[in-house]
Amino acid sequence: MLIKIGGDTLALDGDIRRHIETEVAKLAARFPGEDLEAHATIQEEFDPLHGHRVRCELSAKIAHGRQIVVRDARKTAKEAIDEVFGLARRNLRRVRRQISIPRTLPHGALSTGTRAIGG
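Worth saying up front: this structure is predicted, and the values here are computed from it rather than measured.

*Asks:* Break down the pairing of strand β4 (residues 66-74) for me, with residues and values.
*Replies:* Of the pairings in the sheet, the one linking strand β3 (residues 51-62) to β4 comprises 9 bridges and is antiparallel in character. Residue pairing in the sheet places A60 in a bridge with I68 of β4. Taking the residues between adjacent antiparallel strands as the criterion, β3 and β4 are bridged by 3 residues, where H64 takes a positive phi near 65°.

*Asks:* Residue-level account of the pattern of salt bridges, with values.
*Replies:* Evaluation of the coordinates by the stated rule reveals 9 salt bridges. Salt-bridge contacts for R89 lead to E23; the nearest nitrogen and oxygen are separated by 3.4 Å. Of this pair, R89 sits in helix α2 (residues 77-100) while E23 sits in helix α1 (residues 14-29), and the two are 66 residues apart along the sequence. Exposure class is identical for R89 and E23. Each is buried. For the salt bridge of K78 with D82, the shortest nitrogen-to-oxygen distance reads 2.8 Å. A residue pair is termed a helical-turn pair when its members lie 3 or 4 positions apart in one helix, as K78 and D82 do in helix α2 at 4 residues. Taken together, the shared-partner salt bridges in this structure form one network comprising E23, K26 and R89.

*Asks:* Break down the sheet that holds strand β2 (residues 37-47) for me, with residues and values.
*Replies:* In spatial order, the strands read β1-β2-β3-β4; together these 4 strands make up an open sheet with mixed pairing. Each edge of the open sheet carries a strand with a single partner, namely β1 (2-7) and β4. Recorded for the sheet is a direction-independent mean angle of 15° between the axes of neighbouring strands. Sheet topology places β2 next to β3; 11 bridges connect them, and they run antiparallel. Note that in β3 the partner of T41 across the bridge is E57. Against the sheet, α1 makes contact with β1, β2 and β3, and its axis sits at roughly 145° relative to β1, the strand it touches most.

The rules behind each value
Residues numbered from 1 in each chain as written. Predicted model: local features only at pLDDT ≥ 70, side-chain atom pairs only at ≥ 80, totals over all residues. Heavy atoms only, no water. Pairing = 2+ DSSP bridges. Helix = DSSP H or I, 4+ residues; strand = E, 2+ residues; numbered from the N terminus. Salt bridge = Lys/Arg side-chain N within 4 Å of Asp/Glu carboxyl O. Buried < 20%, exposed > 50% of the residue type's maximum accessible area, 1.4 Å probe, protein only. Axes fitted to C-alpha atoms, helices over the stretch in contact; angles between N-to-C directions. Contact = heavy atoms within 4.5 Å.

Given below as structure tokens:
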């Protein structure tokens, strides 16, 4: 499990780093046996409509080239981190389900294109 945490001065805060590391560990526990690579960015921003907010972005890669990118902004760092990792869990579950469902052809799809030539 590889974790990279970046951003502005918020990324230097020990409590925020521990919170992100804990959430990444929970996310990795949901996918046992698969290597997880996560890059989290957390930074403050000013939005004219919403004022000062904290933006969190997560880019996570798991086996077989599956990747998600999730971002959200909230009033506090904890809220932003919790929201992003909640969305990441849902998205990774969706991606994992799409790959695990076997792609079957509709009934009769093979017989329409298989005709003998010259007979």
